[in-house]
Amino acid sequence: MKQDVRRIALAAVIPLFLIFILYLLKFLEVGMDWDFRRLGVYPMEQRGVFGIFAHPLVHGSLRHLLANTLPLFFLSWCLFYFYRHIASYIFFAIWIGCGALTFLIGKPGWHIGASGIIYGLAFFLFFSGILRKHVPLIAISLLVTFLYGGLIWNMFPFFAKETTSWEGHLSGAIAGTICAIAFMEYGPQRPDPFADEEETPDEESGEEGKEYEEEANTEVKADCNKPEEDPAS
């Protein structure tokens, strides 16, 4: 029980630390009257390259940050709990992949916010559970679909608001799907249903041969220990 609680707590460390950094930057921006929007992605321009790495750390408003806080924490926690051995690689790949794709396909303007990472995590958790066919991971896929299935509409320009970076959402979704496929052979796997079955025929025949040999040796020893009868007088 203590080990499970410890694992749950450890899975929350990085998500909580990331959220702490996001709020710290937002309070600094507001308190010091700074403008961090230029740390975002500006597609196909040199000034927007650094935003590939920094854009999830910047939000347009406190309301924007609050809207991203809960899904970012929950999806990140799911990643670090269920995929703890490969979670850091996946998180980094989604972070960079989302920024790079937004840089390539985004409309002119500053693209900021952690929404792309949220989409990337949601799509990774969904497709990874389906591809691995492992019951606990499939349950997470269904839970993500139930909680965040409506996010899909903000990936398309026909449904997203003009001020919404649907390109960032789409980029995150693509990055998460690619990670689900690329890391399919790593991390938790479905248990082999035949792992606990009886031994193979070759092994069984080998053991039968050993038993027969032991019985033969026992009979030989018994014959050797049998006393000889005296000849009739």
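In the block above lies the structure referred to throughout.
Computed from a predicted structure; not experimentally measured.

Counting across every chain of the model gives four salt bridges. One salt bridge connects R37 with D35, and the closest N-O pair in it is separated by 3.1 Å. We classify R37 as partly exposed; its relative accessible area is 46%. Where K107 meets E167, a salt bridge forms, and the shortest distance between an N and an O atom there is 3.2 Å. Highlighted residues: K107 in the loop between α4 (87–105) and α5 (115–132) and E167 in helix α7 (residues 166–182), separated in sequence by 60 residues. A residue is classified by how much of its surface remains accessible, and K107, at 31% relative accessible area, is partly exposed. Classification of E167 as buried rests on a relative accessible area of 2%.

This brings us to the packing of aromatic side chains. Counted by the stated rule, this structure contains 14 aromatic pairs. Between F74 and Y148 the ring centres are 6.4 Å apart and the planes differ by 40 degrees, which places this aromatic pair in the tilted class. Of this pair, F74 sits in helix α3 (residues 62–82) while Y148 sits in helix α6 (residues 135–148), placing them 74 residues apart in sequence. Note on F123 and F127: the rings are 6.1 Å apart at their centroids and 35 degrees apart in plane angle, and the pair reads as tilted. One end of the pair, F123, and the other, F127, are both in helix α5, four residues apart, so they sit about a helical turn from each other. An aromatic cluster is present here, built from W77, Y81 and F82 joined pairwise through their rings. The side chain of R7 reaches across the aromatic face of Y81, ending 4.3 Å from its centre.

A few words on the environment of G51. In this fold, G51 is placed in helix α2 (residues 51–54). Assessed through its relative accessible area of 0%, G51 is described here as buried. Distance in space between the C-alpha atoms of G51 and A100 is 9.0 Å, their sequence separation being 49 residues. If near-sequence neighbours (up to four positions away) are discounted, G51 is found in contact with L39, G40 and V41.

Attention now goes to the layout of surface pockets. A volume near 810 Å³ is recorded for the largest pocket. In this structure, the largest pocket is lined by 33 residues; those nearest its centre are H64, I112, T163, T164 and S165. No other element matches the five residues that α3 contributes to the lining of the largest pocket. Residues belonging to the lining of the largest pocket are distributed by class as follows: 10 nonpolar, 16 polar and seven charged. Of the voids in this model, the second largest pocket is the one considered here, and its volume is about 210 Å³. Forming the boundary of the second largest pocket are Y119, A122, F123, F126, F127, V144, T145, Y148, G149, L151 and I152.

All right, on to the packing of α4 against α5 then. The contact between α4 and α5 brings their axes to 9 Å, and the two run at 130 degrees. One element, α4, and the other, α5, form an angle in the oblique class. Crossing geometry of α4 relative to α5 is assigned as right-handed. Contact with α4, carried on its side by I90, F91, I94, W95 and C98, involves G116, I117, G120, L121 and F124 of α5 and no other residues of that element.

Turning our attention to the environment of I90. The residue I90 is located in helix α4 in this model. A C-alpha to C-alpha distance of 9.7 Å links I90 and A182, two positions 92 residues apart in sequence. Each residue touching I90, except ones within four places of it in the same chain, is listed here: L79, F124, C179 and F183.

Attention shifts here to helix α1 (residues 2–31). Helical geometry note: an α-helix holds 3.6 residues per turn, so side chains three or four residues apart project in the same direction. Under the 1.5 Å per step criterion, the end-to-end length of α1 is 42 Å for 30 residues, consistent within 8% with the ideal 44 Å. At V13, α1 shows its maximal kink, close to 30 degrees; a proline, P15, follows between one and four residues later. Three or more residues of α1 are buried, namely A11, A12, P15, L18, I19, L22, Y23, K26 and E29. On its buried side, α1 packs onto α3 and α4. Of the residues one or two after α1, D33 is the one with positive phi, at around 55 degrees.

Quick notes on the rules
Residues numbered from 1 in each chain as written. Predicted model: local features only at pLDDT ≥ 70, side-chain atom pairs only at ≥ 80, totals over all residues. Heavy atoms only, no water. Salt bridge = Lys/Arg side-chain N within 4 Å of Asp/Glu carboxyl O. Buried < 20%, exposed > 50% of the residue type's maximum accessible area, 1.4 Å probe, protein only. Helix = DSSP H or I, 4+ residues; strand = E, 2+ residues; numbered from the N terminus. Phe/Tyr/Trp six-rings, centres within 6.5 Å; stacked < 30°, edge-to-face > 60°. Lys NZ or Arg CZ within 6 Å of the ring centre and 35° of its normal. Contact = heavy atoms within 4.5 Å. 1 Å grid on protein atoms, 1.4 Å probe; cavity = no way out; pocket = protein on both sides within 12 Å on 5 of 7 lines; lining within 4 Å. Points joined across faces, edges and corners; volume = space filled by probe spheres on them. Nonpolar A, V, L, I, M, F, W, Y, C, P; charged D, E, K, R; others polar. Axes fitted to C-alpha atoms, helices over the stretch in contact; angles between N-to-C directions. Parallel < 35°, antiparallel > 145°, perpendicular 65-115°, else oblique. Left-handed = near helix turned anticlockwise from the far one by under 90°. Expected span 1.5 Å × (residues − 1). Bend = angle between axes of the 7 residues up to and from the residue.

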